[in-house]
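Here are the chains, one letter per residue:
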Amino acid sequence: MNYRKKKIRVGFTTGDINGIGIEIFLKVCRKKRLLDFFTPILFGSTKLCSYYKKILNLEINHIREVKNFKEIIDYKINVLNIWKEDIKFESIKINNPDSGKYPILSLKKAVKALKEGKIDVLVTAPVNKKYMNLKGFSFFGHTEYLQNVLEGESLMIMIHDILKIALVTNHLPLKKVTSELNIKKIIKSIKILHQSLIIDFSIEKPKIAVLGCNPHSSDNGLIGDEEKTKIKPAIDCLFQKQGWTVFGPYSSDSFFGNQVYRNFDAVLAMYHDQGLIPFKTLTFNHGVNFTAGLSHIRTSPDHGVAYDIAKKGIANENSFEEAIFSAIKIFKNRKEYMKLSSYRTSKSL
């Protein structure tokens, strides 16, 4: 008898239906050899897939409509139709706010399935936050929404083999960053990052670098005081009291310019562009956005909707593929960690 291991079920959202989300999803899942490792489930519609197959001239014969999770099978692209209306996708053009409601539907259905254990991990395609907000989505992005509906404290981490960068603040105007920074928030971010490196990435004793906030990390107080009053006290608290290998604050320009990041398991940046500019410069089209600290696993590619190349068939699917296999690896690492923790607990009793 063939006792084949159950495959990991990976749920996918459509993202903006006028962006490159469905294109890169189809490009990855048409590689049948990859379906040896996971079972894909798209929360969208078969008509949407057919539309993109046609305009991109993609040869894919293993797309299958399913009505419920019992019908899902391996080695097929399983598609759950999640909207009732008959949509003519060719009539929904870029810059049409009406397209915002479909990624909202897809995301909410996918997250519900994730919480209920019907999928193991979630990979989200890029969205247009403006159009989603116009359709009543009150969160700025995926990270903020997931923080609200899943258990835990979220932390955005951009991940790649050579570099992992987490953010203390996410989607904030630059003028608000310093007022949002405080010792407690920085400590919390370091703790979530530290725990994620252990549980999600199997790094037993993580070494973390913390960046400053001001140019030249304030030049000893000449350019701001956030390093002295907020960042250094947070680092000292965890270094001295917990014994963690946390260092900084570093000036971000020389830190990346001199490749100091290679000496650390992860880096904590104070704000969005401070972390994402060097990350995308070094890893673009191969990096992954991971929402750490939550009860369930979600990843996404490191790029946006890319309207400028949408529907042209030239979108690069590498980051999307990396997002899938990163989610799978994190899922397995978490299971292994829980197994080892359970074993250690039983041995200590």
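The rules we used
- Residues numbered from 1 in each chain as written.
- Predicted model: local features only at pLDDT ≥ 70, side-chain atom pairs only at ≥ 80, totals over all residues.
- Heavy atoms only, no water.
- Helix = DSSP H or I, 4+ residues; strand = E, 2+ residues; numbered from the N terminus.
- Rg over C-alpha atoms; globule rule 2.2 N^0.38 Å.
- Buried < 20%, exposed > 50% of the residue type's maximum accessible area, 1.4 Å probe, protein only.
- Contact = heavy atoms within 4.5 Å.
- Areas by Shrake-Rupley, 256 points an atom, 1.4 Å probe, with all protein chains shown as cover.
- Lys, Arg positive; Asp, Glu negative; His and termini not counted.
- Charge placed at Lys NZ, Arg CZ, Asp CG, Glu CD.
- Phe/Tyr/Trp six-rings, centres within 6.5 Å; stacked < 30°, edge-to-face > 60°.
- Pairing = 2+ DSSP bridges.
- Axes fitted to C-alpha atoms, helices over the stretch in contact; angles between N-to-C directions.
- Expected span 1.5 Å × (residues − 1).
- Polar contact = N/O pair within 3.5 Å; in protein donor to acceptor, adjacent residues only side chain to side chain.
- Parallel < 35°, antiparallel > 145°, perpendicular 65-115°, else oblique.
- Nonpolar A, V, L, I, M, F, W, Y, C, P; charged D, E, K, R; others polar.
- Salt bridge = Lys/Arg side-chain N within 4 Å of Asp/Glu carboxyl O.

Secondary structure assignment for the chain yields eleven helices and twelve strands. Here the C-alpha radius of gyration of the chain, 21 Å, is about what a compact globule of 349 residues would show, namely 20 Å. Here the C-alpha coordinates of the chain stretch approximately 60 × 55 × 35 Å along the principal axes. Counting all 349 residues of the chain, 51% fall into the buried class. Excluding contacts between residues fewer than 6 apart, the proportion of contacts in the chain whose partners are at least 24 apart in sequence is 74%. Entry remark: accessible area of the chain is about 17,100 Å², with carbon and sulfur atoms responsible for 50%. The average position of the 54 basic charges and that of the 34 acidic charges among the side chains of the chain differ by 5 Å.

Moving on, we come to the packing of aromatic side chains. All told, the structure shown has 19 aromatic pairs when counted by the stated rule. Pairing W83 with Y102 gives two aromatic rings, centres 4.9 Å apart and planes at 65°, and the pair type is edge-to-face. In this pair, W83 sits in the loop between β4 (77-81) and α3 (101-115) while Y102 sits in helix α3, placing the two residues 19 residues apart along the sequence. Exposure remark for Y102: the relative accessible area of 6% places this residue in the buried category. Relative to F247, the ring of F239 lies with its centre 5.7 Å away and its plane at 55°, an arrangement referred to as tilted.

A few words on the sheet that holds strand β2 (residues 38-44). Reading across the sheet, the twelve strands line up as β3-β4-β2-β1-β5-β12-β11-β6-β7-β10-β8-β9 and stay open at both edges, with mixed pairing between neighbours. The strands lining the two open edges of the sheet, one partner per strand, are β3 (63-66) and β9 (245-250). Across the sheet, the axes of successive neighbouring strands diverge by a mean angle of 25°, strand direction being ignored. For strand β7 (residues 164-167) and strand β10 (residues 266-269), the ladder comprises three bridges, and the chain directions are parallel. Paired with L167 across the strands is A269, a residue of β10. Strands in contact with helix α7 (residues 183-199) are β6 (152-159), β7, β8 (207-211), β9, β10 and β11 (288-294); relative to β6, the strand with the most contacts, it is inclined by about 70°.

What follows is about α7. Helix length check: α7, at 17 residues, gives a terminal C-alpha distance of 24 Å against a target of 24 Å (1.5 Å per residue), a fit within 8%. All of the buried residues in α7 are I186, I187, S189, I190, I192, L193, H194, S196, L197 and I199. Sitting at the head of α7, N182 places a side-chain oxygen 3.2 Å from the backbone nitrogen of K184.

Look at helix α1 (residues 21-29) against helix α2 (residues 46-56): their axes get within 10 Å of each other, and the N-to-C directions meet at 80°. One finds that α1 runs roughly perpendicular with respect to α2. Judged by residue contacts, I22, E23 and L26 of α1 engage L48, C49, Y52, K53 and L56 from α2. A class-by-class count of the residues in the contact of α1 with α2 yields six nonpolar, no polar and two charged.

Moving on, we get to unusual backbone geometry. At the junction of G248 and P249, the peptide bond is cis and its omega measures out at 0° in the coordinates. As for its position among the elements, P249 is in strand β9. Positive phi is not limited to glycine here, since S202 has a value of about 55°. Mapped onto the elements of the fold, S202 is located in the loop between α7 and β8. Even without glycine at this site, N220 takes up a positive phi of about 55°. Mapping N220 onto the fold places it in the loop between β8 and α8 (226-242). Of the residues examined, N220 reaches a relative accessible area of 83% and is grouped as exposed.

What follows covers the environment of I314. One can find I314 in the loop between β12 (297-301) and α11 (318-348). Looking at I314, the relative accessible area reads 54%, which means it is exposed. C-alpha of I314 to C-alpha of V149: the two residues are 165 residues apart in sequence and 35 Å apart in space. In this view, I314 contacts E23, K27 and I309; residues no more than four positions away in its chain are not counted.

This brings us to the pattern of salt bridges. Considering all chains together, one arrives at ten salt bridges under this definition. Ionic pairing is found between E153 and K188, a salt bridge with its closest N-O pair at 3.3 Å. Here E153 is found in strand β6, whereas its partner K188 is found in helix α7, with 35 residues between them in sequence. In this structure E153 comes out as partly exposed when scored by relative accessible area, which is 39%. A salt bridge links D200 to R334, with the nearest nitrogen and oxygen atoms 2.6 Å apart. In this pair, D200 sits in the loop between α7 and β8 while R334 sits in helix α11, placing the two residues 134 residues apart along the sequence. As far as the burial class goes, D200 and R334 line up, both buried. Three or more residues are tied together by salt bridges with common partners; here these are K31, E317 and E321.

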